[in-house]
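Commentary on secondary and tertiary structure
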Number of protein chains: 2
Amino acid sequence: MAIIEQTLAHIRPVSSEWRMKAQERLDSLTKPKGSLGRLEELAARVVAVREEERPSLEKREVFVFVGDHGVVSDGVSAYPQEVTALMVNNFLSGGAAINVLARSVGAEVSVIDVGMKERLAGAEGLIDRNVRRGTGNIAVERAMELSEARSALEAGIEMASRAHAEGMAMVATGEMGIGNTTPSAALLSVLLPADIKAVTGKGTGLDDEGVRHKIQVIEKAVSVNKPASNDPLGALAALGGLEIAGICGLCLGGAAHRMLVVVDGFISTAGALVAMRLNPAVTDCLFFAHQSSESGHRVFFEKEGIRPILDLGMRLGEGTGAALAMQVIDNSLKIYNEMATFEDVGITPGA
Amino acid sequence: MAIIEQTLAHIRPVSSEWRMKAQERLDSLTKPKGSLGRLEELAARVVAVREEERPSLEKREVFVFVGDHGVVSDGVSAYPQEVTALMVNNFLSGGAAINVLARSVGAEVSVIDVGMKERLAGAEGLIDRNVRRGTGNIAVERAMELSEARSALEAGIEMASRAHAEGMAMVATGEMGIGNTTPSAALLSVLLPADIKAVTGKGTGLDDEGVRHKIQVIEKAVSVNKPASNDPLGALAALGGLEIAGICGLCLGGAAHRMLVVVDGFISTAGALVAMRLNPAVTDCLFFAHQSSESGHRVFFEKEGIRPILDLGMRLGEGTGAALAMQVIDNSLKIYNEMATFEDVGITPGA
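Residues numbered from 1 in each chain as written. Chains lettered and ligands numbered in written order. Predicted model: local features only at pLDDT ≥ 70, side-chain atom pairs only at ≥ 80, totals over all residues. Heavy atoms only, no water.

1. Side note on the overall build of chain A
Broken down by element type, chain A carries 15 helices and 6 strands. Expected size for 351 residues packed as a compact globule is a radius of gyration near 20 Å; at 20 Å, chain A falls within 12% of this value. Counting only C-alpha atoms and orienting by the principal axes, one finds that chain A spans roughly 70 × 45 × 40 Å. Counting only residues that meet the buried cut, chain A has 64% of its 351 residues in that class. Taken as a whole, chain A presents about 11900 Å² of accessible surface, with 49% of it coming from carbon and sulfur. Positive and negative side-chain charges in chain A, numbering 34 and 44 respectively, have mean positions lying 2 Å apart. (Helix = DSSP H or I, 4+ residues; strand = E, 2+ residues; numbered from the N terminus. Rg over C-alpha atoms; globule rule 2.2 N^0.38 Å. Buried < 20%, exposed > 50% of the residue type's maximum accessible area, 1.4 Å probe, protein only. Areas by Shrake-Rupley, 256 points an atom, 1.4 Å probe, with all protein chains shown as cover. Lys, Arg positive; Asp, Glu negative; His and termini not counted. Charge placed at Lys NZ, Arg CZ, Asp CG, Glu CD.)

So this is what it looks like as structure tokens:
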């Protein structure tokens, strides 16, 4: 069996028994029942994902998948394509936002070239899994062949396996790729499904005219490529990005190994959505980090009935929102592991 | 001049020059302008409060003010009054939620008895500034004398001065006091002002009938005490709590010393509101940590045009939300201090 199908076969929903066991402990801690709100919900899910009495999430890693996008030639981004490579160098030298925040939360950062246009030969620390030098322009052709999408997805699964082998309990998705809100919006429109207008936003800084143009480009991409909403891998190959495929792979591989997968913003969500459509049980292991200010993100959460952890008006990507959310998850688990129980302090639990 | 008036005279708004200077630096960092959303807004305000080129917030402390409430005899809480003292012992032995979260964010915890009913003689670590053994029952009498409210408020100012002397840059408010959502709702109704029904919620776990009763009790308290909305200290004495007065003092003293004051949930907000009505400039130094699930909290934020940092459905108090928010503020400042600039990496800033 191929790696992808093998991984999909390993993913199962978390057990309600572990959740209930966790909730029992939460209810024995010195606080009114439920008064820590989402911290309690997060802790219970962590226990259920890890299937451990007292889980530890100490080792964690952010995976930044990088790819370029042919559709940039159609003027869908406020930044030129060259910025992808410049930012990768910034990641590798530790000066980008994701480096700062990952350091802050004790996470390693790995940067994976799955589809950069520029070859950064000898860039120290860059993991080279390049599948092709950027996607085709989805406004006139398919983004990539199905085999290429599968290869990029397998790179994501490989990263999850590596992390698991190194004892990681929690991984986060991140990405860089000038223009990648466009394929992300296209994928959301097909796989949610949703109106293209509803899921298309300003990206890194388009004006209203720019957004109108971006909507037209996505409409063209969908009409040229005719993706089917019941064929997630086909849609990914037709409209997606190589870094989006990598993220999808990390979600699947992470869930198969029962790691927490913290999903960053809008682009990461597109990758996660492909994974959810391939196997809905993956969702139990996904922790959606934050509500991005990219307008289409809200549509995803509403349609899927998911509440992200943070809402800080961020729209940078890279994994920055995921890094912040890791800290909230940490705290939820510290509450679970470290608080005194009512029995310890001699209080009879109230309402 | 008395300490309170002296403190009030020291509080001034943050300068727009420092804010602009901070925003300039934020715009030079390797990210699209504004793409870190509220992290940028928080960092700019921290710089403006501290008036430092590269502020550090390393030293921080959570102050948990404790008081009891005569109104508990009217059945407004799901827990008996004895729980106040039991929880104080839990704070002092390090097993409560606030201990866990403060450890997690590197903050010290101080517990101050400003108005406990029970005398915890010799309780190691408890700071004794007891003004009176619990408030009067506001449904039939005033909570305390004006002089008592002033003493509890001065204890809060004293804590701020102590923290400042010890080099703290950031303090957080916390509280414990069975029944204290009732005086808090009463204060909000008078000082916002707002409809009593709109600001009265379930507290630690009342049912609908309990909430209806609590509303009647507050209506009675307001009609018996006849507080004036333009007399914040008078309203505090008539309807408030000693821990609420302590929190008000910490807000004022913190702002006077130009520390960040991270305001926890619903009860802390009532104390902060008294401070804001005494001197509106205090608001620049207040960082409202989170949207509590106590329903009236939303009314405060809407009326005052303030957006809290987190929204995690918490309603525990103690300073738990404030501890979590400290970490977000930390991260905003790390972004500000540590990220590479466009110049560093050779990118021409885009839109």
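Don't stop here, the text continues.
2. Some remarks on the interface of chain B and chain A
Between chain B and chain A, the residue contacts involve 50 residues of the former and 50 residues of the latter. Note on chain B versus chain A: buried area summed over both sides is about 4100 Å², and carbon and sulfur give 62% of it. As a salt-bridge pair, Glu338 of chain A and Arg103 of chain B come within 3.2 Å of each other at their nearest N and O atoms. Summed over the shared surface of chain B and chain A, the number is 18 residue pairs in polar contact (both at pLDDT 80 or more). Those elements giving two or more residues to the side of chain B that touches chain A turn out to be helix 3 (37-50), helix 4 (82-93), helix 5 (97-104), helix 14 (320-338) and helix 15 (342-345) of chain B. A total of 8 residues in the side of chain B that touches chain A trace back to one element, the largest contributor, which is helix 14 of chain B. Residues that form the side of chain B that touches chain A fall into these classes: 26 nonpolar, 15 polar and 9 charged. (Contact = heavy atoms within 4.5 Å. Buried area = accessible area lost by both parts, 1.4 Å probe. Salt bridge = Lys/Arg side-chain N within 4 Å of Asp/Glu carboxyl O. Polar contact = N/O pair within 3.5 Å; in protein donor to acceptor, adjacent residues only side chain to side chain. Nonpolar A, V, L, I, M, F, W, Y, C, P; charged D, E, K, R; others polar.)

3. What about the pairing of strand 5 (residues 260-263) of chain B?
Residues and elements named next belong to chain B. Side chains of strand 5 alternate between two faces, with Leu260 and Val262 and Val261 and Val263 buried alike. In this sheet, strand 5 lies alongside strand 4 (residues 170-176) in parallel orientation, the contact comprising 3 bridges. Residue Ala172 lies in a different strand from strand 5, and its bridge partner there is Val262. Note: strand 5 against strand 6 (residues 286-288), 3 bridges, orientation parallel. Within strand 6, the position partnered with Val262 by the bridge is Phe287. Handedness of the β-α-β unit built from strand 5, helix 12 (residues 266-278) and strand 6 comes out right-handed. (Pairing = 2+ DSSP bridges. Right-handed = clockwise from strand over helix to strand, strands pointing away.)

4. Details of the domain arrangement of chain A
All names here are of chain A. Domain parsing of chain A yields domain 1 (3-55 + 336-345) and domain 2 (60-328). Contact with domain 1, which involves 20 residues of that partner, is made by 26 residues of domain 2. Between domain 1 and domain 2 lies a buried interface of about 2100 Å² when both sides are counted; carbon and sulfur atoms form 61% of it. Among the residues domain 1 hides against domain 2, the three largest losses belong to Ile4, Ile11 and Arg38. Together they make up 30% of the total. Inspection of the domain 1/domain 2 interface yields 2 salt bridges. With a shortest N-O distance of 2.8 Å, Glu5 and Arg150 are connected by a salt bridge. For the interface between domain 1 and domain 2, the tally reads 12 residue pairs in polar contact (both at pLDDT 80 or more). Those elements that provide at least two residues to the side of domain 1 that touches domain 2 are helix 1 (3-10) and helix 3 (37-50). Per-element accounting of the side of domain 1 that touches domain 2 gives the leading share, 8 residues, to helix 3. Classifying every residue of the side of domain 1 that touches domain 2 by side-chain character gives 11 nonpolar, 2 polar and 7 charged. (Domains from an automatic or database assignment.)

5. A short note on the pattern of salt bridges
All names here are of chain A. A full pass over the atoms with the stated rule returns 32 salt bridges over all chains. Across the pair Asp330 and Arg60 runs a salt bridge, and its minimum N-O distance is 2.5 Å. Taken together, the residues Asp330 in helix 14 (residues 320-338) and Arg60 in strand 1 (residues 60-67) connect sequence positions 270 residues apart. Across this residue pair, the class does not change: Asp330 and Arg60 are buried.

6. A word on helix 4 (residues 83-93) of chain A
Taken residue by residue, helix 4 of chain A has Val83, Thr84, Ala85, Met87, Val88, Asn90 and Phe91 of chain A as its buried positions. On its buried face, helix 4 of chain A is in contact with strand 1, helix 5 (97-104), strand 2 (108-115), strand 3 (126-128) and strand 4 (170-176) of chain A together with helix 15 of chain B. A positive backbone phi angle near 85 degrees is found at Gly94 of chain A, which sits one or two residues after helix 4 of chain A.

7. Re the nonpolar core
One finds Val262 and Ile329 of chain A together with Val262 of chain B to be the most contacted residues of the largest nonpolar core, which totals 283 residues. Dropping the residues within four chain positions of it, Val262 of chain B is found in contact with Met170, Val171, Ala172, Thr173, Phe287, Ala289, Ala322, Ala325, Met326 and Ile329 of chain B. (Core = buried A, V, L, I, M, F, W, Y, C linked by side-chain atoms within 4.5 Å.)

8. Focus on the relation of the copies chain B and chain A
Mapping chain B onto chain A calls for a screw motion: a turn of 180 degrees about the axis and a shift of 0.0 Å along it, with 0.0 Å RMSD after fitting. A rotation of that kind, with that shift, is consistent with a two-fold axis. If distances are taken from each C-alpha of chain B to the rotation axis, the shortest is found for Leu310 of chain B, at 3.3 Å. Mapped onto chain A, 100% of the interface residues of chain B are again interface residues, and the two copies thus contact each other with one and the same surface. (Least-squares fit on C-alpha atoms with pLDDT ≥ 70 in both.)

9. A few points about the state of the cysteines
Counted under the stated rule, the structure contains 0 disulfides over all chains. Looking at the unpaired Cys248 of chain A, the closest cysteine sulfur is the one in Cys251 of chain A, lying at 6.6 Å. No disulfide involves Cys285 of chain B; its nearest neighbouring cysteine sulfur is the one of Cys251 of chain B, lying 10 Å away. (Disulfide = S-S within 2.5 Å.)

10. Things to note about the packing of aromatic side chains
Residues and elements named next belong to chain A. Under the defined criterion, the tally for this structure stands at 6 aromatic pairs over all chains. Aromatic side chains Phe300 and Phe301 sit 5.3 Å apart centroid to centroid with 75 degrees between the ring planes, which places their arrangement in the edge-to-face category. The rings of Phe288, Phe300 and Phe301 are connected pair by pair, giving a single aromatic cluster. (Phe/Tyr/Trp six-rings, centres within 6.5 Å; stacked < 30°, edge-to-face > 60°.)

11. Focus on the sheet that holds strand 6 (residues 286-288) of chain A
Residue and element names in this part refer to chain A. Strand order in the open sheet made by the 6 strands is 3-2-1-4-5-6, with parallel pairing throughout. The open sheet terminates on both sides in strands that have one partner only, identified here as strand 3 and strand 6. With direction set aside, neighbouring strand axes in the sheet form an average angle of 30 degrees. (Axes fitted to C-alpha atoms, helices over the stretch in contact; angles between N-to-C directions.)

12. Regarding the environment of Glu294 of chain A
All names here are of chain A. Position of Glu294 relative to the elements: it lies in the loop between strand 6 and helix 13 (296-304). Placed 22 residues apart in sequence, Glu294 and Leu316 show a C-alpha to C-alpha distance of 9.6 Å. Residues within four places of Glu294 in sequence aside, it is in contact with Thr181, Thr200, Gly201, Lys202, Gly203, Lys214, Phe266 and Arg315.

13. Looking at the side chain of Arg45 of chain A
Residues and elements named next belong to chain A. One can find Arg45 in helix 3. Buried Arg45, no salt bridge; nearest opposite-charge side chain is Glu41, N-O distance 5.7 Å. A polar contact is formed between the side chain of Arg45 and the backbone oxygen of Leu286, at a distance of 2.9 Å. In contact with Arg45, other than residues within four places in its own chain, are Arg19, Thr283, Asp284, Cys285, Leu286 and Phe287.

14. A word on helix 2 (residues 16-28) of chain B
Residues and elements named next belong to chain B. When the terminal C-alpha atoms of helix 2 are compared, their 18 Å separation across 13 residues agrees well with the 18 Å that a helix rising 1.5 Å per residue should span. Turning to helix 2, its buried residues number three or more, namely Trp18, Ala22, Arg25 and Leu26. Mapping the buried residues of helix 2 onto a view down its axis gives an arc of 105 degrees, with all of them on the same face. In helix 2, the exposed positions angled more than 90 degrees off the buried face are occupied by Glu17, Met20 and Glu24. (Expected span 1.5 Å × (residues − 1). Arc of directions from axis to C-beta.)

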